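Single-letter residue listing:
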Amino acid sequence: MDLRIFTEPQQGATYDTLLTVAKATEDLGFDAFFRSDHYLRMGSVDGLPGPTDAWITLAGLARETKRIRLGTLMTAGTFRLPGVLAIQVAQVDQMSGGRVELGLGAGWFEEEHKAYGIPFPKEKFARLEEQLAIVTGLWGTEVGKTFSHDGEYYQLTDSPALPKPAQAKVPVLIGGHGATRTPRLAAQYADEFNMPFASIEDSERQFGRVRAAAEAAGRKGSDLVYSNALVVCVGKDDSEVARRAAAIGREVDELKANGLAGSPAEVVEKLGQYAAIGSQRVYLQILDLDDLDHLELISSQVMSQLS
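Throughout this document, residue positions are counted from 1 along each chain, in the order its sequence is written. This being a predicted model, a pLDDT of at least 70 is required before a residue's local features are given, and a value of 80 or more before pairs of side-chain atoms are given or counted; all residues contribute to the totals for chains, interfaces and linings. To get the side-chain values, take all heavy atoms of the structure and skip hydrogens and water.

Caption draft 1: Fine view of the packing of helix α10 (residues 264-276) against helix α11 (residues 292-306). Between α10 and α11, the least distance of the axes is 10 Å, while the angle of their chain directions is 40 degrees. With respect to α11, the element α10 is oriented oblique. As α10 runs across α11, the sense of the crossing is right-handed. On α11, the residues touching Pro264, Val267, Val268 and Leu271 of α10 are Leu297, Gln301, Val302, Gln305 and Leu306. Looking at the contact of α10 with α11 residue by residue, the classes come out as seven nonpolar, two polar and no charged. Orientation is described by axes fitted as lines to C-alpha atoms, over the contacting stretch for helices, and by angles from 0 to 180 degrees between their N-to-C directions. Here a strand is any run of E in DSSP of at least two residues, a helix any run of H or I of at least four, and the numbering for each starts at the N terminus. Each angle gets one of four labels, with under 35 degrees taken as roughly parallel, over 145 as roughly antiparallel, 65 to 115 as roughly perpendicular, and the rest as oblique. By definition, turning the near helix anticlockwise from the far helix through less than a right angle yields a left-handed crossing, and turning it clockwise yields a right-handed one. Contacts are assigned to residue pairs with any non-hydrogen atoms lying within 4.5 Å of each other. Classes in brief: Ala, Val, Leu, Ile, Met, Phe, Trp, Tyr, Cys and Pro nonpolar; Asp, Glu, Lys and Arg charged; the others, Gly included, polar.

Following this line, the structure appears as structure tokens:
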């Protein structure tokens, strides 16, 4: 099982903090560094010093790291026009030497749109479907040919469909709990399906829906990677687990019920339960970005038992 580090910078982080975590992610052997795409803090934290932009952050990290994959869970479709997003991601992929992955979602947090003057359309899912068609269509157009799209929400005419990513195909991640439209969209466009913050039972049910949708669309269910995103809080002993839980404003019992928490042995056991229902990759949501000892413990005592 691959373990990836997933950060929530809107809760309060500078670029330098993110760079430090990304370098630790690489040095400690994790597979990837991912971040959320939000402009407004959530909950009771102050969010200082303010938000960082996801793709500007990843562009910087692309030049400062060498091995780890870089991506978003999830880029908000409401934040960027799809043609512009295709250019941004292709450029960052070039800057990284072909290490970028695009998680793309519809966008959901209305308050941040109001706070920064970003339109928040009523029909977001249909827009997301067009966005996926445009981004993947632009990347897939042969050099020297043009791409056009005449949709309900977006129109592109004779686009040169440039630049191209460094990779032959940038992996596309789609995720969510929706029972019908989400699996259909994943079956059509996704290389990976991600189940965010879900129980083992709900994950197994949704993975089954996605596999069925893929097969109905003429793909093998095994064509997709299946993954989870889960909050993580690991400690060498009960007191360290409690200290780390308190630092992120959470209760140990709640974290154990809804995420990956406890001793390394407890976390390895729960990861095994997710693996048993088909999860191949887990994004570990790290909420205290100053606690690099946490990453080291996960690397040495959890990840080492999964390889």
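Caption draft 2: Structural detail: the nonpolar core. We define the nonpolar core as a collection of buried residues of types Ala, Val, Leu, Ile, Met, Phe, Trp, Tyr and Cys that are connected through side-chain atoms lying within 4.5 Å of one another. Think of it in three bands: residues with accessible area under 20% of the maximum for their type are buried, residues over 50% are exposed, and the middle band is partly exposed, with areas taken using a 1.4 Å probe on protein chains only. Among the nonpolar cores identified, the biggest contains 74 residues, and Leu3, Trp55, Trp139, Leu284 and Ile298 are the most heavily contacted of them. In terms of residue count, the dominant contributor to this core is helix α5 (residues 125-140) (seven residues). When residues no more than four places from it in sequence are discounted, the contact partners of Trp139 are Ala86, Val89, Ala90, Leu102, Lys164, Pro165, Val170 and Val172. By size, the runner-up hydrophobic cluster in this structure holds seven residues, among which are Ala32, Phe34, Leu73 and Tyr283.

Caption draft 3: Inspection of helix α1 (residues 15-27) at higher detail. A helix is expected to span 1.5 Å for every residue after the first. Over its 13 residues, α1 extends 18 Å from the first C-alpha to the last, a length consistent with the 18 Å expected when each residue adds 1.5 Å. Among all positions of α1, only Leu18, Leu19, Val21, Ala22, Ala24, Thr25 and Glu26 are buried. The inward-facing, buried residues of α1 abut β1 (2-7), β2 (32-35), α2 (54-64) and α11. Following α1 by one or two positions, Gly29 adopts a phi angle in the positive range, close to 90 degrees.

Caption draft 4: Just the pairing of strand β5 (residues 100-105), in detail. With six of its six residues buried, β5 lies for the most part within the structure. Here β5 shows no split at all, with Val100, Leu102 and Leu104 on one side and Glu101, Gly103 and Gly105 on the other all buried. Here a strand pair is declared whenever DSSP counts at least two bridges between the two strands. Relative to β5, strand β3 (residues 69-72) runs parallel, the two being bridged by two bridges. Counted as the bridge partner of Gly71 is Glu101 from β5. Across two bridges, strand β4 (residues 75-76) lies against β5 in parallel orientation. By the bridge assignment for β5, Ala76 is matched with Gly105.

Honestly, that's just the spatial picture; any functional story needs more than this.
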